[in-house]
Amino acid sequence: MFDLRQRLEARRAAGRQRFRRLTDGPVGPLQRVDGREILTFCSNDYLGLASHPEIAESLRRATRIYGTGSGSAHLINGHTRAHHALEEALAEFTGRPRALLFSTGYMANLGTVGALLSRGDSLIEDRLNHASLIDAGTLSGAKRLRYAHGDAEAADLQLARAAGNCLLVTDGVFSMDGDLAPLPALAEAAQAHGAWLMVDDAHGIGVLGPGGRGSLSHFGLGLTEAPVLMGTLGKAIGTAGAFVAGDEDLIEYLIGAARTYLFTTAMPAAIAEATRTALGLVVREDWRRERLQQLIAQLRAGASALDLELMPSATPIQPLRIGDSARALAAAETLWAQGILVPAIRPPTVAEGQARLRITLSAAHEPAHIDRLLDALATIRTPQ
Ligand SMILES: *Cc1c(COP(=O)(O)O)cnc(C)c1O
């Protein structure tokens, strides 16, 4: 039978057992974690909107109108005017004809890839794509062809070997590295082979491009170059859920074919209303993106002065590669002892020998917070 004890022992012995810290109060730079006041550099709340009073008020107001639960799937009677208005706002935000809401980014990826591909088709993926895209490929039954991280030429070679309907899918910004995918070159390769490009922009939406419209917009690419755009709402947007944006046919098709859309309860309408309020702030408040860029520059200059080499990244994800898992854990412990939370990311989340501290910044951080982080980083040792 299931020998879970033994599996757990093995995982502990390999230093891979995970644990959770208990937090109180809203997400923010200063947060109560395990009962202590901690300075955090780990959330994906890049714009500092996850505890914004205007968004919270919007949620409360909508709860009085719609209640808490949506009661059913979108195709039964769970699709409220609030959900519909958010879809329209997301379509306008992304400059695409239509958008479709999903309950999470994980589900959006599973549902969309699964609806587009089946046996005999091909999914071409960056090696470092998010786990949900890897799982989406497995579930779809399509042939999976992976290419070296960020390598559009390697993607082109895989496209040449692909059969059936071909979907090239990539993270816009890589969640554990912070670098951007070479979207213009990938789009070109996809078009040359008659494939579609799908971009998972979980970490680009809100952060990159004019008005925070994401990594495609950052590169000036649109519907023609990338017919499928997936974005999440629980990171920079500060609420919960996800969306897929594309043309009329794509969305109409997904409504009837994406199983993670069909067979799940619609997100609460109040979340949709709060998200619409958040989207307004995302577009209007350029200062949040400007502040982020200043903080990123401050961190990178400070780390460089300490001879700490951050991974190449222009986004709020600023990892410090350590290599060995035990050393990464020890480094995180050293920071934790100084009241700073930076997670050690280890295999299987990243490849063997690629353990790192994943530092993430938010527009809610202050320059003094970065100084404190740099002081603490000066006390850890990294391999040369
Ligand atoms: C977080 C994330 C997801 C999943 O989104 P959720 O809404 O958290 O389920 C998908 N793709 C990438 C690249 C992500 O970082």
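The structure this text deals with has already been given above.
Procedures and definitions
Residues numbered from 1 in each chain as written. Predicted model: local features only at pLDDT ≥ 70, side-chain atom pairs only at ≥ 80, totals over all residues. Heavy atoms only, no water. Helix = DSSP H or I, 4+ residues; strand = E, 2+ residues; numbered from the N terminus. Expected span 1.5 Å × (residues − 1). Patch = residues over 30% accessible without salt bridge, like charges linked within 9 Å, V, L, I, M, F, W, Y side chains within 5 Å. Areas by Shrake-Rupley, 256 points an atom, 1.4 Å probe, with all protein chains shown as cover. Salt bridge = Lys/Arg side-chain N within 4 Å of Asp/Glu carboxyl O. Buried < 20%, exposed > 50% of the residue type's maximum accessible area, 1.4 Å probe, protein only. Pairing = 2+ DSSP bridges. Near = heavy atom within 4 Å. Polar contact = N/O pair within 3.5 Å; in protein donor to acceptor, adjacent residues only side chain to side chain. Nonpolar A, V, L, I, M, F, W, Y, C, P; charged D, E, K, R; others polar.

(A) Focus on helix H4 (residues 81–94). Here H4 is 14 residues long and its end C-alpha atoms lie 20 Å apart, about the 20 Å a rise of 1.5 Å per residue gives. Phi for Gly95, located one or two positions after H4, is positive at around 70°.

(B) How the structure looks around a nonpolar patch on the surface. A cluster of nonpolar side chains, Met1, Phe2 and Leu4, forms an exposed patch at the surface whose accessible area comes to about 460 Å². In this fold, Phe2 is placed in the segment before helix H1 (4–13). Take Phe2: its relative accessible area is 63%, and that puts it in the exposed class.

(C) Representation of the pairing of strand S9 (residues 228–232) in the model. Extensive coverage of S9 is indicated by the burial of 5 of its 5 residues. The alternating pattern of S9 places Val228, Met230 and Thr232 on one face and Leu229 and Gly231 on the opposite face, and all of these are buried. As paired elements, strand S8 (residues 196–200) and S9 share 3 bridges and run parallel to each other. Each bridged residue has a counterpart across the sheet, and for Asp200 the counterpart in S9 is Met230. With 4 bridges joining them, S9 and strand S10 (residues 242–246) adopt antiparallel strand pairing. Bridged to Met230 within S10 is Val244.

(D) Spotlight on the site of the ligand. Around the ligand, the structure places 13 residues, and the nearest of them are Gly105, Tyr106, Asp200, His203 and Lys235. Gly105 places a main-chain nitrogen or oxygen 2.7 Å from an oxygen atom of the ligand. Within the side chain of Asp200, a nitrogen or oxygen atom sits 2.5 Å from a nitrogen atom of the ligand. When isolated, the ligand has an accessible area of 380 Å², and the protein chains bury 82% of it. A total of 3 residues in the shell around the ligand trace back to one element, the largest contributor, which is helix H5 (residues 105–116). Residues belonging to the shell around the ligand are distributed by class as follows: 2 nonpolar, 8 polar and 3 charged.

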